[in-house]
Amino acid sequence: MSHPPVAVVTGAGSGIGRELALACAQEGMAVVIADVEPAPLAQTQALLDELGAPCLARLCDVSKAQEVEALATATWDRWGRVDWLFNNAGVAVLGRAWEATEADWHWTLGVNLLGVVHGVRSFVPRMLGAGRAAHVVNTASAAGLASVAGSSVYAASKHAVVGFSECLAKDLEGIGAPIGVSVLCPSLLPTGIQASARNRPPDLGLTGPTLAVLEERVRAGMAASPIGASDVARLTLEAIRSRRFYVLPHAHTATSVAQRVERILADHRHIHQENQP
Ligand SMILES: NC(=O)c1ccc[n+]([C@@H]2O[C@H](COP(=O)([O-])OP(=O)(O)OC[C@H]3O[C@@H](n4cnc5c(N)ncnc54)[C@H](O)[C@@H]3O)[C@@H](O)[C@H]2O)c1
């Protein structure tokens, strides 16, 4: 029996993840949606039902390897294939680098970094086994390419996702696998991310102090975004089709990336050229 192509989206209950799921459904794909929040997940499922898309909705905490493995098993039991995998679930904490708590680090790295790692470890071997063309999209952030004050924990997790994704792409290329990789790096846009604490497990302990000025800066950045989550989803699907690795949906991200690279090269020149005898 032939099945429609299958997309898997984590963090599909809200924001970018929901829009990715809807965009895949509009492509005629079956969609597996996963999230920790039951009610928003059910809302995404209802939207997919309206589009007539075959859908499997699963509660899944991506920071837990066994739950991601169960998601992969459920996907293969239902459809026996995955064409596009979106490791998208994420959370954010704000605060000064020396004030973030150990719990802030465990929670953020657990979801943002290990969530992506677990997705790759559980799904990619099965995708390789299937031997058909496929694509993995890991959601990082512009904060994974350049850094701003007040986001050390988040930026560290997202820089790690960028590095992990670059290696994943090279590893797959190295074995001639027909699996492409993209890393999605949006700048600020309005979603539910600023209310991430709603999903923070209570047993993890306290968060460090968040400065009102940082929260206001993020709110203003989101409000000023010229694009929304559905634009990000559309541009991501275009990147998959054209096999582009870096997906930078905001035009202005180019400036902060160029400034960072310029700074690295200027400091390199300082050692290797200007200081030469
Ligand atoms: N909104 C932005 O400004 C922005 C910018 C750059 C990158 N991102 C990234 O985009 C991704 C999606 O975030 P968003 O902005 O749509 O926020 P969002 O809060 O609207 O959506 C994130 C989803 O992830 C889910 N989630 C949280 N913890 C989870 C866990 N442990 N397991 C499974 N699901 C979990 C949430 O319930 C939510 O549905 C994140 O990785 C985020 O870091 C967002």
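Just above, that's the structure.
What you are looking at is a predicted structure, and each value in this text was computed from that prediction instead of being measured.

Trainee: Got a minute to help me understand the sheet that holds strand E6 (residues 179–184) in this structure?
Mentor: The strands making up a sheet associate through hydrogen bonds between their backbones, and the pairing can be parallel or antiparallel. The parallel open sheet is built from seven strands, whose spatial order is E3-E2-E1-E4-E5-E6-E7. Each end of this open sheet is capped by a strand with a single partner; those strands are strand E3 (55–59) and strand E7 (246–247). As defined by bridge partners, strand E5 (residues 134–139) adjoins E6 across six bridges and the pair is classed as parallel. Opposite His 135, over in E6, you have Gly 180 as the bridge partner.

Trainee: Looking at this model, I keep getting lost on the pattern of salt bridges. Mind explaining?
Mentor: Any two side chains of opposite charge can pair if their charged atoms end up close together. All chains considered together, the criterion is met by 10 salt bridges. Salt-bridge contacts for Arg 241 lead to Glu 27; the nearest nitrogen and oxygen are separated by 2.7 Å. Taken as a pair, Arg 241 in helix H7 (residues 229–241) and Glu 27 in the loop between helix H1 (15–26) and strand E2 (30–35) lie far apart in primary sequence, 214 residues in all. Since its relative accessible area comes to 48%, Arg 241 is described here as partly exposed. Residue Glu 27 is classed as partly exposed on the basis of its relative accessible area, which comes to 40%. With a shortest N-O distance of 2.7 Å, Arg 81 and Asp 83 are connected by a salt bridge.

Trainee: Help me understand the nonpolar core, please; the structure alone is not making it clear to me.
Mentor: Within soluble globular proteins, side chains that are nonpolar tend to cluster in buried spots. Ranked by internal contacts, the top residues of the largest apolar core, which has 43 residues, are Phe 123 and Met 127. Counting only elements with at least two residues in this core, the list comes to strand E1 (6–10), E2, helix H3 (65–78), helix H4 (102–130), E5, helix H5 (152–174) and E6. In this structure, Ala 7, Val 9, Leu 184 and Val 232 belong to the second largest nonpolar core, which totals 30 residues.

Reading the values: rules and limits
- Residues numbered from 1 in each chain as written.
- Predicted model: local features only at pLDDT ≥ 70, side-chain atom pairs only at ≥ 80, totals over all residues.
- Heavy atoms only, no water.
- Pairing = 2+ DSSP bridges.
- Helix = DSSP H or I, 4+ residues; strand = E, 2+ residues; numbered from the N terminus.
- Salt bridge = Lys/Arg side-chain N within 4 Å of Asp/Glu carboxyl O.
- Buried < 20%, exposed > 50% of the residue type's maximum accessible area, 1.4 Å probe, protein only.
- Core = buried A, V, L, I, M, F, W, Y, C linked by side-chain atoms within 4.5 Å.

Just distances and angles here, no functional claims.
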